[in-house]
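Given next are the chains, with one letter for each unit.
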Amino acid sequence: MRDPTAAPQYQGLLVRVWRWLAGLVFWSRVQGIARTLRGRMLVALVPTLWLLLFFLVPFLLVFKISLAESVLAQPPFTAIMHWSGEALLELRLNLANYLLLLEDTLYISAYLNSIRIAAISSVFTLLVGYPMALGIARARNTARLILLMLVILPFWTSFLIRVYAWIGILKNNGLLNNLLLTLGLIKQPLPMLHSDFAVFVGIVYSYLPFMVLPLYSTLVKIDQSLIEAAEDLGCRPLSAFWKVIFPLSLPGVTAGTMLVFIPAVGEFVIPDLLGGPDSLMIGKILWSEFFTNRDWPVASAIAVVMLLFLVVPMVIFQRSQEKALDEDGRGRR
Amino acid sequence: MRLKRRSWLSLGLMGLGYAFLYGPIASLVVFSFNKSRLVTVWGGFSTQWYGELFRNRQILAAAWLSLKIAALNASFAVALGLFAGLALARFGRFRGRSLLAGMISAPLVMPDVIIGLSILLLFVVMQQLTGWPETRGMTTILIAHVTFSAAYVTVIVQSRLVDMDIAMEEAAMDLGARPWKVFMLITLPVISPALLAGWLLAFTLSLDDLVIASFVSGPGATTLPMVVYSSVRLGVSPVINALATLILLVVTGGIVVAGVVMHRREGNARRKITPVGAGRRAVEDRV
Amino acid sequence: MALADRPARPRLDPWQDVNVEPFVRIEGVTRTYGDVYAVDNVSLEIYRGEFFSLLGSSGCGKTTLLRMLAGFEQPTDGKLFIDGVDVTGVPPYERPVNMMFQSYALFPHMNVEKNVAFGLKQERLPRQEIRDRVAAALDLVKMDAYGRRKPDQLSGGQQQRVALARALVKRPKLLLLDEPLGALDKKLREHTQFELVNIQEKLGITFIMVTHDQEEAMTMSTRMAVMNEGLIVQVGTPAYIYEYPATRFIAEFVGAANVLEGRVLGTEDDLLRIYCEELNAELLIQHNRPMEPGAPVAVSLRPEKVLMTERTDLEPGVNRIHGTVAEIGYLGDISIYHVRTAGGRMVQAQLTNRNRVENPGPTWDQAVTLHWMPANGVVLEA
């Protein structure tokens, strides 16, 4: 190893980084395994601490502030813990925000509507995505790569802009209405924008890659000879699909559906830009409580209740993730 | 899995799927060259909206801020994701593993509004307690973005590590390399395509985010999606189409280049090594 | 070692010579995973220059034992010595041992030369020496023309050679081979077996190989250890293990065997008289230890040692029984016959197809007589 002090004498970050790395190498050599073990601890500790601080603790804060009262101040909520006089900790819990969610039917109907819309869109995404994933999995090497790339590509372009594209298509004087009018299929423009239909289209469109990719990765692992075996044993192609392929692809169906359903429940951009005024989704309500009404405690309470709705699907998703990775690693260790 | 008989039905369905994916994007691109201000009626070819885009100071400033945040975010997220991926894929069952695994998979599906609200509350409380962050802006957006995009990078790195033949690391150690050298000389180069993919993904996730940035941003820090969103709320505008076309062009270019690089580096490799891999698994599993 | 250095006394194999120190000593090594005993109190001595095989079916613990020698696994109990040095607990990168992996584990991002040079670079040798030794190693495995190729541009056989060169270039005291030929097809495998043995004899390095293929172990090894469920069942030269299997497991695992069960009738000099109920016949089998009359006993008879004639005029008697041909397996060089004896028990016999005729031997349902020499049967211990 080169002597770190022999490095060229110019200033700068690069030299410092190099010295740091060289020092690390030197240390690990000198101190042997004990050092390495500590290095391993550090590797696990850094991301754990980061996520604890910036992901887990914030959820506890949301829960805490959902119990506070809204005030006109900076920040706009009251403290729920209060040192009153002689080292007495006074706890002032305020359940009014949750009561409000129960009393005002606006919130309940928004929750139910969000779940309804997310569920319906998930099913449609599955219906559109499954044949695509199957087609990609069946394609030959190069074609498969290209087809896969073509599914991923839109995902890399701006989500906002893809939603925006649908405004131009679905508006009253938009592309689709113009096309239908020219073809003479309709006499009057259909009011497609600002409707549930537009929200369905937006969600299916934006989340399609999240459905196709997990489906593809389970489908591509299914041995081709299984279908041949089923057909050899007298199954017709369609029933071979239903009895062999579909059941084996269920892990992919679960992962894909969860990847669409869970974020769709809390979706803001799509209902805001494409949705109608009478069909409210909870993500949009949370947004307006926070930004328009500046009622942070109520916004927090909305988030807490939304999380409660999503806990079960999230656990299902996490299980399927772990299982998929375990299966990938089997036979290699 | 490959079927001998390709039914026209499934081909047709697949074609419809791709048409659905690309139709709207194509319409965006086509109407960015439209002479008319109406985004839906063709009025002849023109590039005037691109000119207008490049004269729009607000959009340019926001784009520059977004690109800075995206690049920094991608770099930090790759470092954090590499650490987390290594821990999850290589350290066996350590204490806190399921906590880490849970905190990695939750941001993948967590609705943006919840992430945005919760991390904003953290910043507010931290400011009350420690005085930091004094104002919200680029730094707070960066921290929020690193937190959720590191999860995506972790998943990519972890699955590449799980995929990698562990005998390669053992071979290096057997040939006299200490653990740190094994990591630098073998593990890191072998998973570098995954790191590149993770970097690109984290970059675009950050460039794309409206909701989280809106929560944790402060005065003076307006990102590109925030500008686009406020403009879109007011109605469609061909300038946005022009911007979309440029983003598409850059992203497609980046992806194609990265794809070609990765394909060269491991695409061929994977295909040709398969017989060995198959033999390896078939022969014996270790106790 | 030059010939003149050799002592004048008659040459013994090292494992027969009490004056020779073992090169690798495995002392009571146990490795457990939870409740599972992967390797169970194994002791083994391997001598300098040996080509030693660990033979067993999947999951018998042979790979775990090899990985403990390499340093990838630590024994739960026991000690490992290499060349007189206790290496238990020494990390893999400090052991004078190299391993050839079943998957070859070639580094995909380095070309052949860099792969082979990797181990030497870790030793910080001068650049010129590295270059010379890499060239020599690639020459040895006949891969000198492929130095600039990446592993994915090589066939399976070529990858195997590079993996061998990469391990040998370090001049290890001991080379470990984990199923080195497992991923090659049959023809290439047979060819490579001899090449590997030639290289081993040329370099004089001690080889320890793990394999599940008994033919491979028998062709290549000086000695082998047969393992089952974490235990070593028998150690010896391939010929000894084949001809004198210690247990029923060995008799059936190494080669094919007719294992007949019976009771001891008596001992006559070095012969054991046995009554076998399955055959309803008396057997006379060589055995150098007397046994109590009435004791249960098992006898292994290799198919090629069972002689078969088409004559039926011979009376059944000791070591001679009648039967009819039930199945014939024609393998080209030999044919394997399954003969149904009077008691219903099938006995396998083997016939060499010495003459090129369409029907070389007895045909289906033909009555035949089977007989064998007392010296060709083996009394099994368990």
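Residues numbered from 1 in each chain as written. Chains lettered and ligands numbered in written order. Predicted model: local features only at pLDDT ≥ 70, side-chain atom pairs only at ≥ 80, totals over all residues.

Some remarks on the overall build of chain A
This is how it is decided: Runs of E in the DSSP output that reach at least two residues are strands. Runs of H or I that reach at least four are helices, and both are numbered from the N terminus. For the exposure call, what matters is how many other C-beta atoms sit within 10 Å of a residue's own: 20 or more marks it buried, 12 or fewer exposed, and in between partly exposed, using C-beta atoms placed from the backbone. Residues are defined as contacting one another if the C-beta atoms placed from their backbone atoms lie within 7 Å.
Secondary structure assignment for chain A yields 13 helices and two strands. A total of 333 residues make up chain A; the buried ones form 40% of that total. A sequence separation of at least 24 residues applies to 67% of the contacts in chain A between residues at least 6 apart.

Comments concerning the overall build of chain B
Each helix and strand in chain B was counted, giving eleven helices and zero strands. Along the chain direction, N to C, the helices and strands of chain B fall in the order α-α-α-α-α-α-α-α-α-α-α. For chain B, the residues scored as buried account for 50% of the 287 residues in total. Partitioning the intrachain contacts of chain B with sequence separation of at least 6 by distance along the chain shows that 77% fall at a separation of at least 24.

Let's talk about the pairing of strand S19 (residues 367-371) of chain C
All names here are of chain C. Note the cut-off: Paired strands, as defined in this entry, are two strands with at least two bridges between them according to DSSP.
Here three bridges tie strand S15 (residues 307-309) to S19, and the two strands are oriented antiparallel to one another. Directly across from Met308, in S19, lies its bridge partner Leu370. In this structure, strand S16 (residues 320-330) lies alongside S19, joined through five bridges in antiparallel fashion. Along S19, the bridge assignment pairs Gly323 with Val368.

As for the sheet that holds strand S5 (residues 85-86) of chain C
All names here are of chain C. Here we have four strands laid out as an open sheet, ordered S2-S1-S4-S5, and antiparallel in their pairing. Strands with a single pairing partner mark the edges of an open sheet, and in this sheet they are strand S2 (36-46) and S5. With seven bridges joining them, strand S1 (residues 24-33) and S2 adopt antiparallel strand pairing. Opposite Ile26, over in S2, you have Leu44 as the bridge partner.

Side note on the interface of chain A and chain B
The test is simple: Amino acids are sorted into nonpolar (Ala, Val, Leu, Ile, Met, Phe, Trp, Tyr, Cys and Pro), charged (Asp, Glu, Lys and Arg) and polar (every other residue, Gly among them).
On the chain B side, the residues contacting the 90 residues of chain A number 80 residues. For the side of chain A that touches chain B, the element with the most residues is helix H1 (residues 13-65) of chain A, which contributes 21 residues. Classifying every residue of the side of chain A that touches chain B by side-chain character gives 61 nonpolar, 19 polar and ten charged.

Digging into the packing of helix H3 (residues 57-90) of chain B against helix H10 (residues 224-233) of chain B
All names here are of chain B. Cut-off, in case you're wondering: To get an axis, fit a line to the C-alpha atoms, keeping to the stretch in contact for a helix; angles then go from 0 to 180 degrees between the N-to-C directions.
Between H3 and H10, whose axes approach to 7 Å, the crossing angle comes to 145°. Across the interface between the two elements, Gln58, Ile59, Ala62, Ala63 and Ser66 of H3 pack against Leu224, Met226 and Val227 of H10. Tallied by class, residues from the contact of H3 with H10 come to six nonpolar, two polar and no charged.

With respect to the environment of Glu216 of chain C
Residue and element names in this part refer to chain C. Among the structural elements, Glu216 can be located in helix H6 (residues 214-220). When the 22 C-beta atoms within 10 Å are taken as the criterion, Glu216 is described as buried. Along the backbone, Glu216 and Ser300 are 84 residues apart, and their C-alpha atoms lie at a distance of 23 Å. Ignoring sequence-local partners within four residues, the contact set of Glu216 consists of Leu181, Gln193 and Thr211.

Looking at the pairing of strand S11 (residues 258-268) of chain C
All names here are of chain C. Pairing geometry for S11 and strand S14 (residues 296-301), over six bridges, is antiparallel. The partner of Leu260 across the bridge, within S14, is Val299. With five bridges joining them, S11 and strand S12 (residues 271-276) adopt antiparallel strand pairing. Note on S12: the bridge partner recorded for Thr267 is Leu272. Here S11 folds back onto S12 in antiparallel fashion, the turn holding two residues, of which Asp269 has a positive phi close to 55°.

A few points about the sheet that holds strand S13 (residues 281-286) of chain C
Residue and element names in this part refer to chain C. The antiparallel open sheet is built from five strands, whose spatial order is S13-S12-S11-S14-S20. On the outer flanks of this sheet lie S13 and strand S20 (377-380), each paired with one strand and no other. Neighbour to neighbour, the strand axes of the sheet diverge by 45° on average, direction disregarded.

Brief notes about helix H4 (residues 141-156) of chain A
Where we set the bar: Residue count minus one, scaled by 1.5 Å, sets the expected span of a helix.
Across its 16 residues, H4 of chain A extends 23 Å between first and last C-alpha, which sits within 8% of the 22 Å expected from 1.5 Å per residue. Among the residues making up H4 of chain A, those that are buried are Leu147, Leu148, Val151, Pro154, Phe155 and Trp156 of chain A.

Re the packing of H4 of chain A against helix H7 (residues 196-219) of chain A
Residue and element names in this part refer to chain A. Note the threshold: Should the near helix be turned anticlockwise from the far one by less than a right angle, the crossing is left-handed, and should it be turned clockwise, the crossing is right-handed.
It is at 9 Å that the axes of H4 and H7 come closest, and there the two elements cross at 150°. The way H4 lies across H7 gives a crossing that is left-handed. When H4 is examined against H7, the residues Leu148, Val151, Ile152, Pro154 and Phe155 are found in contact with a partner set consisting of Pro209, Val212 and Tyr216. Its residues placed into classes, the contact of H4 with H7 shows eight nonpolar, no polar and no charged.

What to know about the nonpolar core
Condition: Throughout this description, the term nonpolar core refers to a group of buried Ala, Val, Leu, Ile, Met, Phe, Trp, Tyr and Cys residues whose C-beta atoms join them within 7 Å.
Within the largest apolar cluster, 277 residues are counted, with the highest numbers of intra-cluster contacts made by Ile302 of chain A together with Leu117 of chain B. Sorting elements by how many residues they give to this core places H3 of chain B first, with 17 residues. Beyond its immediate stretch of four places on either side in the chain, Ile302 of chain A contacts Leu101, Tyr107, Ile282, Ile285, Leu286 and Glu289 of chain A.

Notes on the environment of Gly176 of chain B
By secondary structure assignment, the location of Gly176 of chain B is in the loop between helix H7 (166-174) and helix H8 (179-208). We classify Gly176 of chain B as buried; it has 20 C-beta atoms within 10 Å. Dropping the residues within four chain positions of it, Gly176 of chain B is found in contact with Tyr93, Gly119, Gln122 and Glu123 of chain C.

Re the confidence of the model for chain A
Test applied: In predicted models, pLDDT denotes the confidence assigned by the predictor to each residue on a 0 to 100 scale.
When the pLDDT values of chain A are averaged, the result is 82; 81% of them are 70 or greater. Below pLDDT 50 for its whole length, residues 1-10 of chain A participates in ten contacts with residues either more than four positions away or in separate chains.

Examining the environment of Phe155 of chain A
Residue and element names in this part refer to chain A. Assignment of secondary structure puts Phe155 in helix H4. Judged by local crowding, Phe155 falls into the buried class, with 21 C-beta atoms found within 10 Å. Distance from Phe155 to Gly283, taken between C-alpha atoms, is 21 Å for residues 128 residues apart in sequence.

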